[in-house]
Amino acid sequence: MTIDHLPADAGYGATAPPRYDLFYGGRWHPPVTGKYEAVIAPATGAILAHVACAGQDDVDLAVAAAQAGFAEWQSIPALERARRLRGLAADIRDHAEELAHLDAMDSGNPVWMMRADVRNAAEKLDYFAGLVTEMKGDSVPVGPHAVNFSVREPLGVAVRIAAFNHPFSFVAGKMAAPLAAGNAMIAKPARQAPLSALRLAQLALPHVPPGVFNVLPGDRDTGDCLVRHPGVAIVGLIGSVPTGKAVMGAGAQTLKRVILELGGKNALIAYPDADPEDVAEAIVSGMNFSWCGQSCGSTSRLFVHESLHEKVLARLPEKCARFVPGLPDDPATTMGSLISSDQFQRVLDYIALGKSEGARLVYGGTLPDDPKLSKGFFIRPTIFDGVEPHMRIAREEIFGPVLCVLKWADESEMIRAVNSLEYGLTCSIWTNDLNVAHRAAAAVQAGYVWINQVTQHFLGAPFGGYKQSGIGREECLDELLAFTQIKNIHIALRQPPAPARRA
Ligand SMILES: NC(=O)c1ccc[n+]([C@@H]2O[C@H](COP(=O)([O-])OP(=O)(O)OC[C@H]3O[C@@H](n4cnc5c(N)ncnc54)[C@H](O)[C@@H]3O)[C@@H](O)[C@H]2O)c1
């Protein structure tokens, strides 16, 4: 079964949903399990497709196919690998519209945002293609009669397990480093949004040998089988903290390397000298309301100095009002839906919890009125004021459009509250005082800190978490090197024969 295009009216009309198999070894395979799962359009509740769910036997077959692909791919010179990855990036750009629509329908996010995700993935392929010659080794001085040097080699079969919130970008962008380094890869897309990854498998095929890039859709058990498989050398996960712990534990059975990009409950800190207008604008951008707050880097805790509190709060309703939930393919949509009924219920539960904990709901907290959206998982931007650091809504990752506002007066108490969680992914600091900015940046326990900025990532700048927000750094050279291992080679040089002595 091939995937060409979803029916033009997928999710909204009467066309029978297509069925998609597993993709490995350069071909489609029906699952040995015989199991297919419905993929739901979160904006409409319609069935978009039925997608195979890989089990242990499928994982065994896919790993064997990936090992065969690896044998060929690793022997291709690095610059040739880079040329092919750039070719794939160009193909992705040529198919940007189709891929963005697939992702929009599958994830409920506005299509204009998913175009940016597609561009972002293509940029990562180009970026890592440009780094292939940085897989360098070192030499060690061992005297005139020997040479000692090290080389970096790929690891073998890499597995990448993706979260649902950027379905295409988390598969296409994350294939760049392992493939550039010469590994084969199996992608396990999010169960809720696997369609663009399957389309990517087809797009990649002309560029890489069979078995080099494989896509195994499935659930947590599929992920677990991949993590435990002795033929897999490394696992990169984008997911929640509990999944990160499960992956690390299961991977330990075969002493697997892991790279973990996990959850966050990130702070935006506003100092008294910051402009309240800038802070208000930053916090609504930092909440990533366009994708319904479903971003690991969202600054969902606003620590605002008491002197700015009223001024910032007064500006938020007008700014939030520009996020209007709508269908993902409507160009006017400024806010998408949550991914699933589970996530929808979870966010509603947190809103109820916030009220019962004594926080003051000052905006949203309700569903949109638009009858077109009644079957989707939409929730309006939601703001709680009067949140205290001990409340669960201030401590747990909601992964939805819920902002908690905490007022502070004493800097050291505020920093203690910012750092009091198990998370440490991002932090945004707003001040015009360079000394304060440096002091705060040094004090916060987070891997990615913005001063007077939010949300943006910069290729080359290491992204990753402190504490339980993750292990490893991505979007930079470290990511490429994480998919390599070092081999040291010592060569004893033969000495020239001693000149013959005269009798
Ligand atoms: N740090 C980052 O860059 C980053 C980016 C995006 C999302 N996230 C985090 O991801 C989470 C939301 O995504 P989600 O709900 O898809 O996360 P999740 O942890 O439920 O699932 C992530 C992926 O892991 C798989 N999985 C689940 N259990 C597994 C197991 N035991 N073994 C192997 N694989 C398993 C899932 O099928 C899915 O593909 C949030 O916590 C968010 O902060 C982090």
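Residues numbered from 1 in each chain as written. Predicted model: local features only at pLDDT ≥ 70, side-chain atom pairs only at ≥ 80, totals over all residues.

As annotated in an unreviewed UniProt entry, the chain is Aldehyde dehydrogenase family protein from Verticiella sediminum. In its Sequence similarities (unreviewed entry) section, UniProt records this for the chain: "Belongs to the aldehyde dehydrogenase family." (UniProt positions renumbered as here; feature names shortened; annotations may be inferred.)

Caption draft 1: Highlighting the UniProt feature "domain: Aldehyde dehydrogenase" (unreviewed entry) in the chain. Under the feature "domain: Aldehyde dehydrogenase" (unreviewed entry), the UniProt entry names residues 36-489. Helix makes up 40% of residues 36-489 and strand 19%. Its end C-alpha atoms lie 49 Å apart. (Helix = DSSP H or I, 4+ residues; strand = E, 2+ residues; numbered from the N terminus.)

Caption draft 2: Main features of the nonpolar core. Residues L85, F128, A180, I269, A270, V279 and F303 are the most contacted members of the largest nonpolar core, which totals 158 residues. For this core, the leading source of residues is helix 4 (residues 111-130), giving 10 residues. Structurally, this core is a two-domain feature, drawing no fewer than three residues from each of domain 1 (22-262 + 465-488) and domain 2 (267-451). In contact with A180, other than residues within four places in its own chain, are R81, A82, L85, F128, A129, L131, V132 and L480. (Core = buried A, V, L, I, M, F, W, Y, C linked by C-beta atoms within 7 Å. Buried ≥ 20, exposed ≤ 12 C-beta atoms within 10 Å, placed from the backbone. Domains from an automatic or database assignment. Contact = placed C-beta atoms within 7 Å.)

Caption draft 3: Spatial organisation of the UniProt feature "active site" (unreviewed entry) in the chain. Within this structure's numbering, the places UniProt gives as "active site" (unreviewed entry) are E261. Mapped onto the fold, E261 is located in strand 12 (residues 257-261). Contact partners of E261, with chain neighbours within four places excluded, come to L237, I238, G464, G470 and E474.

Caption draft 4: Here's a closer look at the packing of helix 4 against helix 5 (residues 169-180). Contact geometry of helix 4 with helix 5 gives a least axis separation of 8 Å together with a crossing angle of 5°. As summarised for this structure, helix 4 and helix 5 are arranged roughly parallel, according to the angle between their axes. Where helix 4 approaches helix 5, its residues D117, N120, A121, K124, L125, Y127, F128 and A129 are matched on the opposing element by S169, A172, G173, A176, A177 and A180. Among the residues making up the contact of helix 4 with helix 5, the classes are represented as nine nonpolar, three polar and two charged. (Axes fitted to C-alpha atoms, helices over the stretch in contact; angles between N-to-C directions. Parallel < 35°, antiparallel > 145°, perpendicular 65-115°, else oblique. Nonpolar A, V, L, I, M, F, W, Y, C, P; charged D, E, K, R; others polar.)

Caption draft 5: Spotlight on the sheet that holds strand 17 (residues 402-408). Read from one edge of the open sheet, seven strands run 15-16-17-14-13-18-19, paired in mixed fashion. In this open sheet, the two edge strands, each paired with only one partner strand, are strand 15 (360-363) and strand 19 (448-451). Taking each pair of neighbouring strands and ignoring which way they run, the sheet shows an average axis angle of 20°. Those strands touched by helix 13 (residues 411-418) are strand 13 (267-270), strand 14 (301-305) and strand 17, and its axis lies near 155° from that of strand 17. (Pairing = 2+ DSSP bridges.)

Caption draft 6: Summary view of the domain arrangement of the chain. If you check the domain split of the chain, you get domain 1 (22-262 + 465-488) and domain 2 (267-451). Look at where the C-alpha atoms of domain 1 and domain 2 centre, and you get two points 31 Å apart. Contacts between domain 1 and domain 2 engage 23 residues on the former and 25 residues on the latter. Elements with a minimum of two residues in the side of domain 1 that touches domain 2: helix 3 (96-107) and helix 4. If you tally residues by element for the side of domain 1 that touches domain 2, the top one is helix 3, at four residues. Within the side of domain 1 that touches domain 2, the residues separate by chemical class into 11 nonpolar, 11 polar and one charged.

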